[in-house]
Amino acid sequence: MESNKLKVFLVEDEIVVREGIKKNINWQQEGFVFVGEASDGELAYPLIQSTKPDILITDIRMPFMDGLELSRLVKKELPDIRILVLSGYNEFEYAKEAINIGIAEYLLKPITGAKLLEAVKKMAKSIQEEWQQKQYLLAYQKERAENGQLARRKLFGRLVSGKHSVSTMLGEGREIGMELAASQYNIVLFQLFTGEEGENYSDELNRITAEMERLADNMQHVVMIDRGGLEGFAFLLKGAEEGSGRGIPELLPEFISGLKQIMGRFPGVEYFGGVGVTVERLSELKVCFAKASHAYAYRYLWDRNQIVTGDVEKEQKAADGELSLGGLNVGNLEKNVVGKFLATGLQEETADFVEGYIQSLGEQNIQSLMFRQYIIMNTYITAAGAVEKLGYKPDVMVAECGDFKSMTSAFVSVEQAVSYLKYVLAAAIRLRDAVSQKKYAKLLEDAERYIRQNFQNEEISLNTVAASVNLSPNHFSTIFSQETGRTFVEYLTFVRMEKAKELLRNTNKKTSDIAYEVGYRDAHYFSYLFKKTQACTPREYRTKSAPRPGEDTV
């Protein structure tokens, strides 16, 4: 196909020589596109800027602007271009200057068409090999980045579960390039808010994510984990030995300051963070994470744009059971924090949220029977309303949590009230998540349709597909791999290979044309991927798939 052919531009002041080069070589048949010509460098330069050739053939001695001056200008504009200089002067200084500029070939006139074509083909081979290496590197980087994100997320979950040995965790960390050995550890949980509840993606959030990644990379002792969607981000801080200046006491304030500086550049986005307690053993990360999660749950209760610690001290309970209006935080009742939690909270955060919610309203107030009745009724009604908005029938919450008669038993004591509140919220979130799973099924269906409609486009990427379904790339990557069992890169490759096999079976198109048709500019890279995924070359597949004599080909 035309788009696969390299572009050639010729600059030569002798018209006879120029016409000979242009016409005596069948550029099209030899696999090139002749995109332009000029009689000197001054006329050539703007044409080269617009046509952007892959190969420039230029005379060295020309009026107005010679070949060396033109080459210097072109190399600055198009650093990857290959330049072949023709000269009737066998002078060392010209050759030396040509080498300094980065000219690929230096040939002396007179030269035959065959000799020139041989030199041009040599440069073309070099260009194609470079393209191929770039394709390999790009694909490797994309696949490694996506797999790395998933591997870090999985490893973090195993680390904070406390169910695996230290040696196992250290080994798994090294396998994905994450050195976990340190003298101290802490965890920061962090979430961004754009003013709209839910999981919608925006370019602004993507820029913040990129800046946070740079911050973590630059600090070296911080590992960033994108937990996806509602869970936000986790940062694992690894401190060095005491007295080294890079322990957690020094590292944590520096890191938090860096996060706040980033967020200061995005005033339209709010944030909230929860910090764990510093631990000295990898096996104690479970404790650290629990403390960080406790603080993180306050994002539903407290004002945003702050990062709080996990050792928040609870207020002393009042000795009596009187309702203290002075200690009542009316604001948290008005802000409908229960509704916000039901919209974006996680099942595992329910206990921390309820305890924090009770504390925020004034813990002594829950000792009052009247207040317990109000809080329980308000929470139940809020949960029932949230569930109905999701499309459930009104009696679903009754089936899950019982009617008013069963609710009255929760009024009896503080312990029963707290237990009931946790149960109601957990039930509502469970119903919400069931709806989310259906939403994800539709989302993945849309994403797969987008990939199948656009796989021929060389520019299709994780970012473009994620944007098509309005999710952040990292969150989309998590959902996609969890639900399909394939990473995005693996699925895209699968779709392209299926189409390639169809074309190999049913058409006589060249392999290079098929490569371009399924989204690969480089036919060599396509052949490499085909053999890697299908265990045979495109040619071998076509031979195996060809109908045998006498077979029905209809």
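Throughout what follows, the structure given in this document is the object of discussion. (Residues numbered from 1 in each chain as written. Predicted model: local features only at pLDDT ≥ 70, side-chain atom pairs only at ≥ 80, totals over all residues. Heavy atoms only, no water.)

Attention now goes to the overall build of the chain. Within the chain one finds 22 helices and 10 strands. The buried share among the 554 residues of the chain stands at 46%. Considering only residue pairs separated by 6 or more positions, the chain has 71% of its internal contacts joining residues 24 or more positions apart. Looking at the chain as shown, the accessible area adds up to about 28100 Å², and 50% of this sits on carbon and sulfur atoms. (Helix = DSSP H or I, 4+ residues; strand = E, 2+ residues; numbered from the N terminus. Buried < 20%, exposed > 50% of the residue type's maximum accessible area, 1.4 Å probe, protein only. Contact = heavy atoms within 4.5 Å. Areas by Shrake-Rupley, 256 points an atom, 1.4 Å probe, with all protein chains shown as cover.)

On to the sheet that holds strand β6 (residues 184-193), then. Backbone-to-backbone hydrogen bonds pair the strands of a sheet. The strands run either parallel or antiparallel. An order of β7-β8-β6-β9-β10 is seen for the 5 strands of this open sheet, with the pairing classed as mixed. The open sheet has two free edges, formed respectively by β7 (222-226) and β10 (306-309), since each of these has just one partner strand. Adjacent strand axes in the sheet meet at a mean angle of 20°, parallel and antiparallel pairs treated alike. Bridge count between β6 and strand β9 (residues 270-275): 6 bridges; the pairing is antiparallel. Along β9, the bridge assignment pairs Phe193 with Glu270. Its contacts with the sheet place helix α8 (residues 248-264) against β6, β7, β8 (233-239), β9 and β10, and it is angled at close to 15° to β6. On the sheet, helix α9 (residues 285-296) packs against β6, β8, β9 and β10 and is oriented at approximately 30° with respect to β6. (Pairing = 2+ DSSP bridges. Axes fitted to C-alpha atoms, helices over the stretch in contact; angles between N-to-C directions.)

In this structure, Gln220 takes a positive phi of about 65° despite not being glycine. Note on placement: Gln220 falls in the loop between α7 (203-219) and β7. With relative accessibility at 63%, the residue Gln220 sits in the exposed group. Positive phi, close to 65°, is recorded for Ala535, a residue that is not glycine. Along the polypeptide, Ala535 turns up in the loop between α21 (523-534) and α22 (538-545).

Where burial is concerned, most of strand β4 (residues 82-87) is hidden: 6 out of the 6 residues are buried. Note that strand β3 (residues 55-59) and β4 share 5 bridges and pair parallel. Following the sheet pairing, Ile55 is matched in β4 by Arg82. Following the chain from β3 across helix α3 (residues 67-77) to the adjacent parallel β4, one finds a crossover that is right-handed. Pairing of β4 with strand β5 (residues 105-108), which is carried by 4 bridges, proceeds in the parallel orientation. Each bridged residue has a counterpart across the sheet, and for Ser87 the counterpart in β5 is Leu108. (Right-handed = clockwise from strand over helix to strand, strands pointing away.)

Further remarks concern the nonpolar core. Counting residues in each nonpolar core, the largest one holds 41 residues, and the members touching the most others are Phe353, Tyr357, Ile376, Met397 and Tyr420. Mapped by element, the contributors of at least two residues to this core are α11 (337-344), α12 (350-362), α13 (369-389), α14 (396-401) and α16 (414-454). The biggest single contributor to this core is α16, with 11 residues. With 34 residues, the next largest nonpolar core counts Val465, Val469, Leu503 and Ile514 among its residues. (Core = buried A, V, L, I, M, F, W, Y, C linked by side-chain atoms within 4.5 Å.)

As enumerated under the stated definition, the model contains 20 salt bridges in all. Between Glu37 and Lys22 there is a salt bridge, with the nearest N and O atoms lying 2.6 Å from each other. Note that Glu37 is positioned in strand β2 (residues 32-38) and Lys22 in helix α1 (residues 15-24), a separation of 15 residues in sequence. Of the residues examined, Glu37 reaches a relative accessible area of 23% and is grouped as partly exposed. On the basis of relative accessible area, Lys22 is assigned to the partly exposed category, the value being 29%. In this structure, the salt-bridge partner of Asp446 is Arg449, at a minimum N-O distance of 2.9 Å. Of this pair, Asp446 and Arg449 both sit in helix α16, 3 residues apart, roughly one helical turn. Since its relative accessible area comes to 25%, Asp446 is described here as partly exposed. (Salt bridge = Lys/Arg side-chain N within 4 Å of Asp/Glu carboxyl O.)

It is worth stressing that arrangement in space is one thing and function is another; only the former is reported here.
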